[in-house]
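Examination of the molecular architecture
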Amino acid sequence: MCEEFHIKLRDEEWPLDYIDHDRQIVRAIVFDSENHFDLTFYFVRAFRDDDFGKAAIIETSGGGVEPGENFPDALRRELREELGAEVEIICKLGVVEDYYNLIHRHNVNHYYLCQAISFGETNLTEDEKNEFHLSALKLDYQEAVREYERRADTKLGRLIAKRELPVLQYAKKVIDGGACSDSERLR
């Protein structure tokens, strides 16, 4: 069901000089459906042209945990900001640790499976709107897999696909096998 995984990845795209900070991040595989055969997944798309290079990427919605914030509250905040989504957190899927050597950062990504309840207005930051041109992306499972594979044509795209494709695949297995038991649900 929702047995949590822990994956540790290395950044093989940029050389490792040093790591000087850790970042706690919450991310979600967000879905909705009328039935298990008609699943829709929600992601964010960004167009970047920065130190990481020029790239169009797909990524799960989420972001940094603010001081004093617990993970479920941070996740709900991020999903409202980026997708305009209110969600039910089904279960924690697990943790993926990865590195962005270029900016000397160790990421600890906490992934959750969430079912969309409703959608409203997003509340993107100025950087998300103007620098990253962040937008919501609605795809079925196969479209999402193809989009991650297609966007792995850049260094940043490869880092993200390596981190997120296994999570998406695991989330699909959890959904297909049924949701977590009520005792595992987070309120």
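Structure first, text after, so check above.
Figured I'd write up the structure that's included with this text. Just so you know, the residues in each chain are numbered from 1, in the order the chain's sequence is written. Per-residue local features of the predicted model are confined to residues with pLDDT of at least 70, and side-chain atom pairs are confined, for both listing and counting, to 80 or more; whole-chain, interface and lining totals are unaffected and use all residues. Excluding hydrogens and water, the side-chain values take into account all heavy atoms of the structure.

Focus: the overall build of the chain
Comment: elements are numbered from the N terminus, with helices defined as DSSP H or I runs of at least four residues and strands as E runs of at least two. Scanning the chain for helices and strands turns up 4 helices and 8 strands. For the chain, the α and β elements follow one another from N to C terminus as β-β-β-β-β-α-β-β-α-β-α-α. Using C-alpha atoms as the atom set, the radius of gyration is obtained and then compared with a globule rule of 2.2 Å times the number of residues to the power 0.38. Expected size for 187 residues packed as a compact globule is a radius of gyration near 16 Å; at 16 Å, the chain falls within 12% of this value. A principal-axis box enclosing the C-alpha atoms of the chain has dimensions of 45 × 35 × 30 Å.

A word on the packing of helix α3 (residues 141–150) against helix α4 (residues 155–176)
Here, axes are lines fitted to C-alpha atoms. For helices the fit covers the stretch in contact, and angles between N-to-C directions go from 0 to 180 degrees. One way to put it is that α3 packs onto α4 with a least axis distance of 10 Å and a crossing angle of 165°. With respect to α4, the element α3 is oriented roughly antiparallel. The two elements α3 and α4 meet at a crossing, and its hand is left-handed. Contacts between α3 and α4 pair Y141, A144, V145, Y148 and E149 from the former with I160, A161, E164, L165, L168, Q169 and K172 from the latter. Nonpolar residues are Ala, Val, Leu, Ile, Met, Phe, Trp, Tyr, Cys and Pro. Charged residues are Asp, Glu, Lys and Arg, and all others, Gly as well, are polar. Residue classes in the contact of α3 with α4 are distributed as 8 nonpolar, 1 polar and 3 charged. Orientation is classified from the angle alone, with under 35 degrees giving roughly parallel, over 145 giving roughly antiparallel, 65 to 115 giving roughly perpendicular, and any other angle giving oblique. Helix crossings fall into two classes, left-handed where the near helix is turned counterclockwise from the far one by less than a right angle and right-handed where it is turned clockwise. The contact rule is simple, with two residues in contact once any of their heavy atoms fall within 4.5 Å.

A look at the packing of aromatic side chains
Aromatic rings from Phe, Tyr and Trp, taking only the six-membered ring of Trp, are treated as a pair when their centres fall within 6.5 Å; an angle between ring planes under 30 degrees marks them as stacked, one over 60 as edge-to-face, and anything in between as tilted. Here the structure, examined in full by the defined rule, presents 6 aromatic pairs. Their ring planes at 45° and their centres at 4.7 Å tell us that Y42 and F119 sit as a pair that is tilted. Of this pair, Y42 sits in strand β3 (residues 39–50) while F119 sits in strand β7 (residues 105–119), placing them 77 residues apart in sequence. Three or more aromatic residues joined by ring pairs form one cluster here, namely W14, F52 and Y100. Against the face of Y141 rests K172, its NZ or CZ located 5.5 Å from the ring centre. Any Lys NZ or Arg CZ that is within 6 Å of a ring centre and within 35 degrees of that ring's normal is treated as a charge sitting over the ring.

Section: the nonpolar core
Formed by 54 residues in total, the largest nonpolar core has its most connected members in V30, F41, F43, L93, L113, C114 and L168. Ranked by the residues each element gives to this core, the list is headed by α4, at 10 residues. Aside from chain neighbours lying at most four places away, what touches F41 is I29, V30, F31, L137, K138, L139, D140, Y141, L168, K172 and I175. We define a nonpolar core as any set of buried Ala, Val, Leu, Ile, Met, Phe, Trp, Tyr and Cys residues linked to one another through side-chain atoms lying within 4.5 Å. Type-normalised accessible area, obtained with a 1.4 Å probe on protein chains alone, sets the label of each residue: buried when under 20%, exposed when over 50%, and partly exposed for intermediate values.

A closer look at α4
Multiply 1.5 Å by the residue count of a helix minus one, and that product is the helix's expected span. Along its 22 residues, α4 runs 32 Å from first to last C-alpha, staying within 8% of the 32 Å computed at 1.5 Å per residue. The angle between axes fitted to the seven residues ending at a residue and the seven residues starting there is what we call the bend at that residue. Of all bends in α4, the biggest is about 30°, found at A161.

Details of the pattern of salt bridges
The rule for a salt bridge is simple: a side-chain nitrogen of Lys or Arg has to be within 4 Å of a carboxyl oxygen of Asp or Glu. Scanning all chains against the criterion turns up 19 salt bridges. Between E59 and R27 there is a salt bridge; the shortest N-O distance is 3.1 Å. One end of the pair, E59, is in strand β4 (residues 53–59); the other, R27, is in strand β2 (residues 21–33), and 32 residues separate them in sequence. E59 gets classed as buried once you look at its relative accessible area, which sits at 15%. The partner of R163 in a salt bridge is E164, with the nearest N and O atoms 3.2 Å apart. Overall, the relative accessible area of 1% leaves E164 in the buried class. Residues joined by salt bridges that share partners form a network here, namely R27, E59, D98, R163 and E164.

Quick look at the side chain of R48
With respect to the element layout, R48 can be found in strand β3. Taking the relative accessible area as the measure of exposure, R48 reaches 18% and is therefore buried. With residues near it in sequence (within four places) discarded, R48 still touches G53, K54, A55, I57, F132 and L156.

Brief notes about the environment of L93
On the secondary structure map, L93 appears in strand β6 (residues 85–100). Since its relative accessible area comes to 0%, L93 is described here as buried. For the pair L93 and K172, spaced 79 residues apart in sequence, the C-alpha separation works out to 11 Å. Other than its neighbours up to four places away in sequence, L93 contacts E3, E4, F5, I29, Y111, Y112, L113, V167, Y170, A171 and V174.

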